[in-house]
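Topology and contacts: notes
So the chains spell out like this:
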Amino acid sequence: MRSYLVAGNWKMNGSLAANAALVDAIAAGVSIAPKVEMLVCPSSPYLDSVGRRIAQTGIFLGAQDLCEQPVQGAFTGEVHSSMLIDLGCRYVLVGHSERRALYGESDALVAEKFAAAQAGKLIPILCIGETLDERESGQTEAVLSRQLLAILDRNGIAAFANAVVAYEPVWAIGTGRTATVEQAQSAHAYIRSELAKNDAKIADLVRLLYGGSVKADNAASLFSCEDVDGGLIGGASLKATEFLAIYAAALAA
Ligand code: PEP
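Residues numbered from 1 in each chain as written. Predicted model: local features only at pLDDT ≥ 70, side-chain atom pairs only at ≥ 80, totals over all residues. Heavy atoms only, no water.

**Here's the deal with the sheet that holds strand β4 (residues 91–94)**
- Strands sit in the order β1-β2-β3-β4-β5-β6-β7-β8 around a closed barrel of 8 strands; the barrel is parallel. Here the average twist between neighbouring strands, direction ignored, is 25 degrees.
- Relative to β4, strand β3 (residues 59–63) runs parallel, the two being bridged by 2 bridges. Across the sheet, residue A63 finds its bridge partner in β4, namely V92.
- Packed on one face of the sheet, helix α5 (residues 107–119) meets β4 and β5 (123–128) and runs near 160 degrees to β5. (Pairing = 2+ DSSP bridges. Helix = DSSP H or I, 4+ residues; strand = E, 2+ residues; numbered from the N terminus. Axes fitted to C-alpha atoms, helices over the stretch in contact; angles between N-to-C directions. Contact = heavy atoms within 4.5 Å.)

**So, the side chain of H188**
- Relative to the elements of secondary structure, H188 occurs in helix α8 (residues 181–196).
- Discounting residues that sit within four places of it in the chain, H188 has contacts with Y167, L208, L209, Y210, D227 and V228.

**Some thoughts on the packing of helix α1 (residues 16–27) against helix α11 (residues 240–252)**
- One can describe the packing of α1 onto α11 by two numbers: an axis separation of 9 Å at closest approach and a directional angle of 35 degrees. Viewed along their axes, α1 and α11 form a crossing whose handedness is right-handed. Here α1 contributes L22, A25 and I26 to the contact with α11, which in turn contributes A240, F243 and L244.
- Classifying every residue of the contact of α1 with α11 gives 6 nonpolar, no polar and no charged. (Left-handed = near helix turned anticlockwise from the far one by under 90°. Nonpolar A, V, L, I, M, F, W, Y, C, P; charged D, E, K, R; others polar.)

So, in structure tokens, the structure goes:
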């Protein structure tokens, strides 16, 4: 039985004061329920303050990125997995489409980040998904396979026993254009079947999140899909009432 994960990616937003107000409002509506894990991923400078604020609330802390290097050292501007653990992180996003598109992260680099996360005892949330061009030219499954294969080749199928995959069609992120229930379920079933070729049990247990303009009014239908185990939420995670309504949809699913 897979639990749900509702993860808020705050992206490069926030301030000490705004984050405190947001996280307090979210915490007020979260109960410690085994069925759903609630996660917030603030910008790195705010991990410490948000982490302190969510202690004892049942909300988990995650980072938006990490350095691929296995050991600390001369990598100016980068953040090592051990630092994220120090600050109380449990999860870290790897390969978000904004990192891939705007900062040139290749499949190979994402695979190294995935490895670095697990070596540091963080749970990677691997983000994969196709662009609009790729979908319209019928390449969705090929793109998902390629992005998964990079991780499988580097880390092996066993690595997915302690990882999460987020299917995030690039054309749905921040656009207000959500994948239909059929598109989401079909992509998720495909991801699970690709992993099942390597290990059926691991594929069955891995949590697959949908991300891309999830809102309070579409979360319930997305979460009702057999292979959707929660969501990676950008814009809507910055509004406590909206984010809590998405959480409620996961609880009710
Ligand atoms: C995201 O940032 O991963 C995301 C899915 O954003 P949004 O929910 O705003 O589309």
